[in-house]
Amino acid sequence: MSEKKILEYDVLVVGGGISGGEAALNLANLNYKVLVVEKDLSLGGKMIALSKVFPTLDCAACITTPKVSEISRHPNITIMFSAEAKKIDKLGDHNFEAHVHQKPRFVNIDDCTACQLCEQACPVSVIDEYQQGLVGRKAAFIPFSIASPRAAAIDIINCTLCGACERVCPTGCIDFTQTDKDYTVKAKAVVLATGFNLFDPVKIPRYGYGKYKNVITSMQMERQLAPTRPFNAILRPGDGKMPDNIAYVLCTGSRDKSVGNPICSQVCCMYSIKQGQLLMGSLPMADVTIYYLHIRAFGKGFNEFYEQARDMGVEFIKGKIGDIKEKENGNLILRYEDVEEGKVKEAEHDMVVLSVGVMSNSEISDSFQGESLRLDDYGFINQDDILASPAETNIDGVFVAGTATGPMDIPDSILSAGAASAETTSYLRRASL
Ligand code: SF4
Ligand code: SF4
């Protein structure tokens, strides 16, 4: 049975990552009523999973968590989790109607104390997506320690309905009778902050991701370096050994037409340099080698950050990786073209990190009825007037924020969210004239 409710807001924000959250907060502070529709179980998007940010090495969670808690407590912001805007119709100026579908969490958030007794009682273990598959979690679980809201959820696909979690829950907030909900949302403007997808390195089989256990992604390394990390050390997944010779392969799935992504990801160079520095701190005896095509250190303080990594001992090789092979002991042989010497060489490392690129997440464009939402050549949401009004899309009243427009780093995402909220405000003010 599905319920249908009609809700009215000034602005519908699609996406509760750092850009959507920032845009929502700016609008809510101007007294607009905002609905944030978030597909995951927590606010914070990809940023909440990061270790530190470049080039300041500030703790990412220390920036994200206060912001996320401000968003969740704001009286002008309503958040729907596990929810997606399935249809967005422009009925007229300042008049949008969206159909939002929400999946059940099977836990009443307001009553859950996050005691984790359900987790302890649950017999079912599955892969933990937040920890990038490095560890497991239970079917009754708190998405991650700094999740907002910090409340349990039931992964019903893997749940055996044994009832153990319900029996131990001290507040009786687990509710298997919850059903899908459908809402009709009326809003005067829409902000799209749907973010990006990471490139899936399985699409480059010669790098061996998914086949060789000690080839991991940069996001998996990010989790190993984070304060809320799965292990209390950096370990190679194949055998739990501490690595002492780590290679980074930059531009994995970026600037590569053969995998359908010709554009630069803008962040891979810098986050790899950051991880190199953090590894030097965590594993002082380890060698870190970064194989790159060009180092793009274009932002404020970025080049100095790159120089600092070199000074710390991170080795940089201008080299194009041909393929990666695994040895019996789990070590990896990288065959590469040394671009500066013009020679093909081989090098052995005990762990390889693929610095994956940024891909578009353009599913939202299918939600638009009538006037279709224009995308750019790479599948990101098109900015109709990138210089004068960077948040404007081809649909008047629909604005875009953050990496939904293309790859960018965190400060630029926040700036872009600021532009989106300012442009939305001026659009809303026209409604009241
Ligand atoms: S009912 Fe499902 S979630 Fe609850 S303990 Fe059993 S398997 Fe785990
Ligand atoms: S669902 Fe119940 S048992 Fe699980 S964390 Fe919440 S209050 Fe505790």
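Predicted model, so just to flag it, every value in this text is computed and none were measured. Along each chain, numbering runs from 1 in the same order as the chain's sequence is written. The naming scheme follows written order: chains are lettered A onward, ligands numbered 1 onward. Given that this is a predicted model, residues contribute local features only at a pLDDT of at least 70 and side-chain atom pairs are listed and counted only at 80 or more, while totals for whole chains, interfaces and linings are drawn from all residues. Side-chain metrics in this entry use all non-hydrogen atoms of the structure; hydrogen atoms and water are not considered.

**Some words on the site of ligand 1**
Put simply, a residue is near a molecule or strand once any heavy atom of it comes within 4 Å of that molecule or strand. Close to ligand 1 lie 14 residues, the nearest being Cys122, Cys159, Cys162, Gly163 and Cys165. Partitioning the shell around ligand 1 into residue classes produces twelve nonpolar, two polar and no charged. In this classification, the charged set is Asp, Glu, Lys and Arg, the nonpolar set is Ala, Val, Leu, Ile, Met, Phe, Trp, Tyr, Cys and Pro, and all remaining amino acids, among them Gly, are polar.

**So, the sheet that holds strand E3 (residues 34-37)**
The strands making up a sheet are joined through hydrogen bonds of the backbone, oriented either antiparallel or parallel. A pair of strands counts as paired when DSSP detects no fewer than two bridges linking them. Note on conventions: DSSP H or I runs of at least 4 residues are helices, E runs of at least 2 residues are strands, and numbering of each starts at the N terminus. Strand order in the open sheet formed by five strands is E4-E3-E2-E12-E22, with parallel pairing between adjacent strands. At either end of the open sheet lies a strand with only one pairing partner, and these are strand E4 (77-80) and strand E22 (398-400). When strand polarity is set aside, the average angle formed by the axes of neighbouring strands in this sheet is 20°. Against the sheet, helix H1 (residues 18-29) contacts strand E2 (11-14), E3, E4 and strand E12 (189-192), and its axis sits at roughly 170° relative to E3. Across the sheet, helix H8 (residues 410-431) lies against E2, E12 and E22, angled at about 165° from E22, the strand it touches most. Lines fitted to C-alpha atoms define the axes, with helix axes restricted to the stretch in contact, and inter-axis angles between N-to-C directions lie between 0 and 180 degrees. Whether two residues touch is decided by their heavy atoms; if any such pair falls within 4.5 Å, the residues are in contact.

**Some points on the sheet that holds strand E18 (residues 332-338)**
Read from one edge to the other, the open sheet built from seven strands follows the order E14-E20-E15-E16-E17-E18-E19, with strand pairing classed as mixed. Looking along the sheet, the strands with just one partner apiece sit at the ends: strand E14 (215-217) and strand E19 (343-349). Mean inter-strand twist for the sheet, computed between neighbouring axes without regard to direction, equals 40°.

**Topic: the domain arrangement of the chain**
The accessible area lost on association of the parts is a frequent measure of interface size. Boundaries of every domain are those given by an automatic assignment or by a domain database. Segmenting the chain into domains produces domain 1 (7-103 + 180-196 + 360-431), domain 2 (104-178) and domain 3 (199-358). For domain 1 and domain 3, the distance between their C-alpha centroids amounts to 32 Å. Contact with domain 1, which involves 16 residues of that partner, is made by 22 residues of domain 3. Summed over both partners, the accessible surface that disappears when two parts come together, traced with a 1.4 Å probe, is what is meant by buried area. Between domain 1 and domain 3 lies a buried interface of about 1700 Å² when both sides are counted; carbon and sulfur atoms form 77% of it. For domain 1, the biggest contributors to the area lost against domain 3 are Ser51, Phe54 and Pro407; these three give 36% of the whole. Salt bridge, as used here: a side-chain nitrogen of Lys or Arg that lies within 4 Å of a carboxyl oxygen of Asp or Glu. The tally of links from domain 1 across to domain 3 stands at zero salt bridges. Contacts described as polar in this section are N or O atom pairs within 3.5 Å, which, within protein, must combine one atom able to donate a hydrogen with one able to accept it, while residues neighboring in sequence count only if both atoms come from side chains. Across the domain 1-domain 3 interface, the total number found is three residue pairs in polar contact (both at pLDDT 80 or more).

**Notes on a negative patch on the surface**
Nonpolar side chains (Val, Leu, Ile, Met, Phe, Trp, Tyr) are joined into patches within 5 Å and like charges within 9 Å, using only residues with over 30% relative accessible area and no salt bridge. Only the protein chains shown count as cover for residues, and the accessible areas themselves come from Shrake-Rupley with a 1.4 Å probe. Residues scored as positive are Lys and Arg, those scored as negative are Asp and Glu, and His as well as the terminal groups of each chain are ignored. Charge positions are represented by NZ for Lys, CZ for Arg, CG for Asp and CD for Glu. A grouping of Glu371, Asp385, Glu392 and Asp396 is seen on the molecular surface, where their side chains present a negatively charged patch. Along the polypeptide, Asp385 turns up in the loop between strand E21 (358-360) and E22.

**Section: the side chain of Ser360**
Within the element layout of this structure, Ser360 appears in strand E21. A distance of 3.4 Å separates the side chain of Ser360 from the backbone oxygen of Tyr378, its partner in a polar contact. Of note is the side chain of Ser360, whose polar atom sits 3.4 Å from the backbone oxygen of Gly379. For Ser360, the residues in contact, after removing those within four places along its chain, are Asn197, Tyr378, Gly379 and Phe380.

**Concerning the environment of Met270**
Here Met270 lies in helix H6 (residues 268-282). Exposure categories follow from relative accessible area, calculated using a 1.4 Å probe and restricted to protein chains: below 20% of the type maximum is buried, above 50% is exposed, and the middle band is partly exposed. Judged by relative accessible area, Met270 falls into the buried class, the value being 0%. It is 8.4 Å that separates the C-alpha atoms of Met270 and Phe305, two residues lying 35 residues apart in sequence. Setting aside residues up to four positions removed in sequence, Met270 forms contacts with Phe54, Arg296, Ala297, Phe302 and Phe305.

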